[in-house]
Structure formats: C-alpha cells, structure tokens
Amino acid sequence: MTDLKSPDPERLDYEASVAAAKGEVRRLLKSAPALIRPMTSHLARAAGKMIRARTLLACALGRDGSVSPDAVKAAAAVELLHLATLVHDDILDDAETRRGIDALHRKFGDKYAVLCGDFLFCTAIEFVSTADAPEHRKNAVDRSVPKYLTEVLMGELRQDQNYKNYSLSEREYFRIIKGKTAALFEASFYAGFLFSDEEDAAKDSYREIGDTIGLIFQLNDDCADYEASELLTKKPVLSDYSRGVVTLPLIHALKEDPSLIQKVEAGMEPAALKIAVEAAGGLSYTHTKAGRLYKKADTLIESLDIGAYKKALLKTLLRAASGKTA
Ligand code: FPP
Ligand code: MG
C-alpha cells in the first residue's frame, strides 16, 4: 500500500487561482447589500491589475505546484483592502478618475465614498477571517492585517503632513512610501508565505522582497508622474507636484539645483518644473535607485529555496511592478 497523499481537489494551479481571486473580488463587489451596491458595482466596472493578489498567490504556491483555496480568499481580501485605500485616497486627493473611470466620490459624493471604503475594509477583513491558514500560522495572519493597515495609514498621514515641504529629506520620503505603498506589498508576500508550505526560516526573505518590490513600484510611479502621458498611465501627469506631494525626482532636483526652491515656492508652472527636474537629474537618480532595489529583490528571489516555476513567477511579478514588460 502506498502512503502518498492524494492531491487536494480544491487546490488550483497558479493561473486558475488568479482567475478565482478575480472572480471572488467581483462577486463580493456585486453581492454587497442593496444600499451600497450602486457604489460597489461602479467599482467593479474597472478591474485593477491584481498585482498584489498575484504576488500573494505566487508566494503561496506549494511544492506540488498548486495553491490552496484559502490563499485565494486572502488574495481577494488584499485586493479589496487595496481598493478601500484607493477609494479613501481619491477623496483625500480629490481625484477625478481612478482606473480610467470616474473616481467613486465624484459620482456619489464624499460621504458615501467614505462609507463605501469602510465597507470594503470590513468585507475584506471578514473574508480573510474565513481563510484557514496552517495551524501554527493562524495568529500571524490575524495580527498582520491590522499591523500592515496601520503602516499604510501612517504613510498616508506622513505624506499629508509633508505637503509642499520642499526640504523633505530622502530618508523621510522613503519612510512615507514604505508605509503608503510598500506595506501592502510586504503584506501580500508575507500572507502568501503564511499560506504556503515554505519553511518558517524563509519568512524574513519573503517580507523583504515584498517591501523592496513595493518601494520599486512607488519609485516608478513617482517617475511616471513626471514622464508619462495621461493616456498611458490613466492618471493626470504632474499631479503629485500640483497637489503638493514631494517625491524623489523633485527632492533630488532640489538638492542638485538649489535655485529651484524659490521658483517652486513661488508656484513654478508644472511644464517648466518637469524640464527642470529632468535637467537636474531627478529622474535618472530615481531610476538608478529603483534599479538597485531591483537587483536586491532579484538576488533575494534567487536565494529562495523554491522551484524554477515559482522563481520565474516571482521574477515576472518583480518586472511587472518595475514597469518592465513581463
Ligand atoms: C495612493 O497613493 C494611496 C495609497 C497607496 C494609500 C492610501 C491610504 C489611505 C488613504 C489610508 C487608508 C486607511 C487605512 C485604514 C489603511 P497616490 O495618491 O500617490 O497614488 P495614486 O496616484 O494612485 O492616487
Ligand atoms: Mg492619490
């Protein structure tokens, strides 16, 4: 008689798990209580890239090449948490659009958008609580959700307190983006690890890769604000500067060209600032930083004791978060 365990029929391959998480997000949005459904249905019209869910599922991939349905729940929850932060962020930023359609608060007003964001937070937390993590990791899942959300919140608060602070240091900038963006990436990597069959010793590597990829993602987003066309990013360009958010390309430009600070404080036109930031090397400096972090994440992924397929998936996601074609 063989003692080989028969495969769990509920476990999915990676691509099927991504599709399942996408389906769960849609289902949760579409099955909201009638009072809130007009808002969640609006959000369901524009799906995101699911990069956080994809990373969670890639990290959760077991040695048998399959993902547990519990990890799918966690992946859907992380996307809903992300969506909740975006709904609230768009109110704070008074954004016009999100993912190419009207921002929620533009259509329904701030009051309903706040409540809808809160609803999404609650739905995500309730949904992830139905996911069964391996027994010895249950507490870690319970504790990490509020911990990471607090980090996101603190990052956003720090950013807000530094509006138009043209003496913002690079160090403080990294502290801001570590919270507002990298924390949720780290959470996705950590949650994926918790739902996987990886050894406990790999925990810190997973967290560090998530944090690093989150930083790269935000550095590229901050460059895109100076570089990209609105058509490409589906976001208004130079919106950071226009609303007083100081990011690394500008921080570096201000350091290289001290004459810039007076012009910026006097309300320099965005088009002129774009040229000045480029000329002072703000964009190339930021890309170099992102490049170094890319190498760090790549090396960390390489060091994981995982199969070739899982490694390739993580590297594809690293490229995607870095804005390189996958
Ligand atoms: C987008 O930044 C915003 C975030 C990544 C986080 C926003 C977080 C909050 C509003 C706090 C939410 C509350 C809790 C409890 C976690 P961005 O404005 O730079 O990017 P964008 O261009 O996509 O708007
Ligand atoms: Mg915003």
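Residues numbered from 1 in each chain as written. Chains lettered and ligands numbered in written order. Predicted model: local features only at pLDDT ≥ 70, side-chain atom pairs only at ≥ 80, totals over all residues. Heavy atoms only, no water.

A. Examining the coordination of the magnesium ion (ligand 2) more closely. Within the protein, the atoms that donate to the magnesium ion (ligand 2) are Asp 89 (OD) and Asp 93 (OD), at distances of 2.0 to 2.1 Å. Placement of the pair is Asp 89 and Asp 93 together in helix H4 (residues 69-93), with a separation of four residues, close to one helical turn. Exposure class is identical for Asp 89 and Asp 93. Each is buried. (Donors = N, O, S within 2.8 Å, 3.2 Å for Na, K, Ca; no water. Helix = DSSP H or I, 4+ residues; strand = E, 2+ residues; numbered from the N terminus. Buried < 20%, exposed > 50% of the residue type's maximum accessible area, 1.4 Å probe, protein only.)

B. View of empty space enclosed by the protein. Counted by the stated rule, this structure contains two cavities of 30 Å³ or more. Lining the largest cavity are 17 residues, with Val 78, Leu 81, Val 145, Ala 187 and Ala 191 positioned closest to its centre. Elements with a minimum of two residues in the lining of the largest cavity: H4, helix H7 (138-161) and helix H8 (170-194). Classifying every residue of the lining of the largest cavity by side-chain character gives 15 nonpolar, two polar and no charged. In this structure, the second largest cavity encloses a volume near 110 Å³. The wall of the second largest cavity is formed by 13 residues, among which Leu 43, Leu 83, Arg 98, Asp 102 and Leu 104 lie closest to the centre. Sorting the residues of the lining of the second largest cavity by element identifies helix H2 (37-44), H4 and strand E2 (101-102) as the ones contributing at least two each. (1 Å grid on protein atoms, 1.4 Å probe; cavity = no way out; pocket = protein on both sides within 12 Å on 5 of 7 lines; lining within 4 Å. Points joined across faces, edges and corners; volume = space filled by probe spheres on them. Nonpolar A, V, L, I, M, F, W, Y, C, P; charged D, E, K, R; others polar.)

C. Layout of the nonpolar core. Judged by nonpolar contacts, the single largest core of 107 residues is most densely connected at Leu 57, Leu 120, Tyr 241, Leu 250 and Leu 273. The leading source of residues in this core is H8, at 14 residues. In this structure Leu 273 touches Tyr 226, Leu 238, Tyr 241, Leu 250, Val 264 and Met 268, once residues within four positions along its chain are discounted. (Core = buried A, V, L, I, M, F, W, Y, C linked by side-chain atoms within 4.5 Å. Contact = heavy atoms within 4.5 Å.)

D. Spatial organisation of the pattern of salt bridges. Taken as a whole and judged by the stated rule, the model has 19 salt bridges. For Asp 64, the salt bridge identified is with Arg 11, shortest N-O distance 3.8 Å. You can see Asp 64 sitting in the loop between helix H3 (51-60) and H4 and its partner Arg 11 sitting in the segment before helix H1 (14-30), a full 53 residues away along the chain. By relative accessible area, Arg 11 is classed as partly exposed at 25%. Connected through salt bridges with shared partners, the residues Asp 298, Glu 302, Lys 311 and Lys 315 form a single ionic network. (Salt bridge = Lys/Arg side-chain N within 4 Å of Asp/Glu carboxyl O.)

E. Expanded view of the environment of Asp 240. Structurally, Asp 240 can be placed in helix H11 (residues 239-242). Spatially, the C-alpha atom of Asp 240 lies 18 Å from that of Gly 100, the residues being 140 residues apart in sequence. With sequence-adjacent residues up to four places away left out, Asp 240 is seen in contact with Asp 222, Asp 225, Val 245 and Thr 247.

F. Examining the layout of surface pockets more closely. As a volume, the second largest pocket reaches approximately 210 Å³. Lining of the second largest pocket is provided by 14 residues; of these, Arg 11, Ser 68, Phe 195, Ser 196 and Asp 197 occupy positions nearest its centre. Residue classes in the lining of the second largest pocket are distributed as four nonpolar, three polar and seven charged.

G. Representation of helix H6 (residues 110-128) in the model. Taking 1.5 Å of rise per residue, 19 residues should cover 27 Å, and H6 covers 27 Å from first to last C-alpha, within 8% of that figure. In this structure, the buried residues of H6 make contact with H1, H2, H4, helix H5 (104-108) and H7. (Expected span 1.5 Å × (residues − 1).)

H. Structural view of the side chain of Asp 211. Checked against the element boundaries, Asp 211 lands in helix H9 (residues 203-227). When near neighbours in sequence (up to four residues on either side) are disregarded, Asp 211 contacts Lys 178, Ala 182 and Glu 186.

I. Molecular detail of unusual backbone geometry. One non-glycine residue, Asp 94, adopts positive backbone phi at about 50°. Note that Asp 94 resides in the loop between H4 and strand E1 (97-98). The phi torsion at Lys 164 lies on the positive side, around 55°, for a residue other than glycine. By the secondary structure assignment, Lys 164 is in the loop between H7 and H8.

J. Quick look at the side chain of Thr 212. Turning to its location among the elements, Thr 212 is positioned in helix H9. The contact partners of Thr 212, leaving out residues within four places of it in the chain, are Leu 293, Lys 296 and Ala 297.

Keep in mind these numbers describe shape, not what the thing actually does.
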